[in-house]
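# Structure assessment
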Amino acid sequence: MARPAKEATVTAPETTIPAELPLLPVRDTVLFPNAVLPLTIGRESSIALVQSLGENRFLGVITQKDPHVDVPGPNDLHPVGSVAVIHKVIRMPNQSLFIFCEGISRMRVVEYTDQEPFLRARIEPIEDAEPEMTAELEALRQNAIGLFQQIVALSPSLSDDLQSIAANIKELGKLADFMAGSLPSLSSTEKQEVLGELDVQKRLSLIHLKLTKELEVQQLRTKIQSEVQDQLSQTQREFYLREQMKAIQKELGEGDEQQREIEELKEKIEQAGLPEEAKKEAMRELKRLSRMSPAAADYTVTRTYLDWLVILPWNKSTGIEVDVRKAKAILDEDHYDLEKVKDRILDYLAVKQLNPTLKGPILCFVGPPGVGKTSLGKSIARALGRKFVRISLGGVHDEAEIRGHRRTYIGALPGQIIQGIRRAETNDPVFMLDEIDKVGRDFRGDPASALLEALDPEQNNTFRDNYLDLQFDLSRVLFITTANVLDPVPDALRDRMQVLELQGYTELEKQRIAFSYLIPRQTSENGIRLGENIVFSEEGVSHIIRLYTREAGVRNLEREIGTICRKQARRIAEGTQAPGACLTVTPEVVKEMLGPPKFRIEDQLVERTKHPGVAVGLAWTPTGGDVLFVEAGTLRGGGKGLIMTGHLGQVMQESMQAALSWVRANAAWLHLHPDFMKTNDVHLHVPAGAIPKDGPSAGVTMVTALVSRLTGRRVRPQLAMTGEITLTGQVLPVGGIKEKVLAAKAAGVAEVILPAENEVNVQEDLKSEQLGDMKLHYVRTIEEVIDYALVARKQKPKAKNQKVKVIPRAALAARPRTAG
């Protein structure tokens, strides 16, 4: 049981303030003059101070800088405090003291005289010097009183009597002290700042600034509280109205709107044909939805999830019988050539006709831009009688774009594959994943790895989207991917696909495509009639192909044809074309409408190979084949050895080193001085230095250019070559033969030297009409290349030379044609 508190009351003596006072440190509290402050005394030194006062009840009350210091010293206290007198002391049961003290005046500590058993110091009392009242000070006083009264009115913890008390205080210093001491929201640091300001006008301005901030805070609190109250009132109102609506609907026999939605969803689930697992999950979510309030946050999320479940074509397929002959006719109608791809599709359809349960293959169309990869997918869908869905993977970095987001995320949706299936409305569409070689990878995941499950015929029958979290059968989907190059595609993903290469078109093929597809489409799109307003001649189209485009596909060709059609449409619209006149597009008209030719490499071949040291090579690029020149030069010096320029990659630089090593090793056979490198530097340069170049297929070209320069014998005109070399003089096979040979043909090359092991590629991919009168020479060693590529020798080579195999035109014409 607690002991009753002992009480002692003392009145302040009417004496002057002593010059030396004991100091009472206080935490988080500031005593202002003319204010009464209750304090709890717990420190032993402070209790000793109060007990030692006796009749003299004066002491200094001063605030600590850091309230966490238990035994404050002189450096821990502010320099300005208040002189106080103790009016009442109450001894508490826990031996602490509870005192009431009144501030008398400000004081400044002059010097500390003692620290034990408590702090004592000589002090200097500070009286307020009231300034002369001016209009500005009166306005400041009234503004401060007005702000203070507004704060008191808005704050429920402050008594309304404070408003009248403040209005009756005339002295500016006392008014500032009263306001600062009455506001509980001011921190002890801010109160100490007011106490320490000795200039009365500045003190009033300071408290005016703090009152302004406090009023803004109080107004914001009131506004927030009002909005919350309004929101709660609105929620309660809606709840009451909703309950009344339910009662009215029940009386009218209309039933509950939410219950009707639940019944509709249940009926849709029964009719959707969901698998057992999916149906069980749907019914569980439906039961959970029925217990929710429509105003609940998860109501819309669950409802959207159920909508996705019932709208997906779980067991809805196209159901059209396969007709191989009709499919072949459609493929031939939409695309010219592409025999290999068409054969693979027709093989699949034939097996599908015999075995309807066959899983869909995963095809990958690889080829340069503009050869018809995407449009071929549309034709396949039309030939199969299925829906066509296409998504572009170019620039996709987020794995969730493929597999979807989990439902825990706000705004979560299924991945693009499930969304595509929903758009198709069947579970067996032709699904094209365009630009699979341009998939990105960053901190959000690896979309290519997410495709591994979808593009595996052995796994995609149990594909699981993160949003659905249910197995969906993708085995009936015919997936087709497209890419320009396969290098960026991961090996694991490439292994799951059957790669079909769509190689570039020849000039003849482009001409047929132009007359069959491009010209009719462009004339129709530009509003002119083919045969009445414009006619394209074969010479004009060939002129465009050779001199205005340089590509494996036909996009630029169609673009140039469209330009001519638009210019003719403008003539007709402006009336400059005679009525009934028809424009025949000849080479002259092409030059007039398209300007000067963009490519003139035929002239360059003859001109640049007039001098020794220049050879023509063949290169493969993602947009088709191309020709490149390799130039060799010698310089007197012998200090630098081999100089290589032309924006070359590491592999190409190594090929140059190998070429020079072979030449030095065979210097005697080439009739060169064995020490020619001691007095000469060799410079190999590949022009078009702004374009990066790499690869080993220019090895024979580098050797030929070197030998031509060192022996002074120029290379045969209109001759190009390709092949990798070894230090022993072997010529190894290279890739991209069709693209390289077609590029050579388009550039005006008459003869091409190829590795002997690439002869099979020529027989499979190139037809005799594609080659025309071009001669192909197959070689196995570098000696054969040197023997044929350079003009007549001054001295016949040694027996090391071998005969070169040449295919004449008659043999080419008699050779059987194969699909390109």
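Refer to the structure above for everything that follows.
Residues numbered from 1 in each chain as written. Predicted model: local features only at pLDDT ≥ 70, side-chain atom pairs only at ≥ 80, totals over all residues. Heavy atoms only, no water.

### Thoughts on the sheet that holds strand 14 (residues 498-501)
- On the basis of which strands lie adjacent, the open sheet formed by five strands has the order 9-10-13-8-14 and parallel pairing. This sheet does not close on itself; its edge strands, each paired only once, are strand 9 (388-392) and strand 14. Between one strand axis and the next, the sheet turns by 20 degrees as a mean value, whatever way the strands run.
- Packed onto the sheet, helix 12 (residues 373-384) meets strand 8 (362-366), strand 9, strand 10 (430-434) and strand 13 (478-483) and runs at close to 175 degrees relative to strand 10. (Pairing = 2+ DSSP bridges. Helix = DSSP H or I, 4+ residues; strand = E, 2+ residues; numbered from the N terminus. Axes fitted to C-alpha atoms, helices over the stretch in contact; angles between N-to-C directions. Contact = heavy atoms within 4.5 Å.)

### A few points about the environment of Gly103
- For Gly103, the location among the structural elements is in strand 6 (residues 97-114).
- In this structure the C-alpha to C-alpha distance between Gly103 and Ala84, which are 19 residues apart in sequence, comes to 4.3 Å.
- Those residues in contact with Gly103 that lie beyond four places of it in its chain are Leu31, Phe32, Pro33, Asn34, Ala35, Val83 and Ala84.

### Observations concerning the packing of aromatic side chains
- Taken as a whole and judged by the stated rule, the model has five aromatic pairs.
- Residues Tyr305 and Tyr467 carry aromatic rings whose centres are separated by 5.8 Å and whose planes lie at 65 degrees to one another, so their mutual orientation is edge-to-face. Residue Tyr305 is found in helix 9 (residues 297-311), and its partner Tyr467 is found in the loop between strand 11 (463-464) and strand 12 (471-472); the two are separated by 162 residues along the sequence. Across this residue pair, the class does not change: Tyr305 and Tyr467 are buried.
- Between Trp314 and Phe472 the ring centres are 5.0 Å apart and the planes differ by 55 degrees, which places this aromatic pair in the tilted class. Here the residue Trp314 occupies a position in the loop between helix 9 and helix 10 (324-334), and Phe472 occupies one in strand 12, the gap between them amounting to 158 residues. (Phe/Tyr/Trp six-rings, centres within 6.5 Å; stacked < 30°, edge-to-face > 60°. Buried < 20%, exposed > 50% of the residue type's maximum accessible area, 1.4 Å probe, protein only.)

### Describing the environment of Ala329
- Its place among the elements puts Ala329 in helix 10.
- Since its relative accessible area comes to 44%, Ala329 is described here as partly exposed.
- Here the alpha-carbon distance between Ala329 and Ala383, two residues 54 residues apart in the chain, equals 8.3 Å.

### So, the pattern of salt bridges
- Enumeration over the complete set of coordinates arrives at 39 salt bridges.
- The partner of Arg403 in a salt bridge is Glu399, with the nearest N and O atoms 3.7 Å apart.
- For Arg403, a relative accessible area of 15% translates into the label buried.
- According to the relative accessible area criterion, Glu399 is partly exposed, its value standing at 23%. (Salt bridge = Lys/Arg side-chain N within 4 Å of Asp/Glu carboxyl O.)

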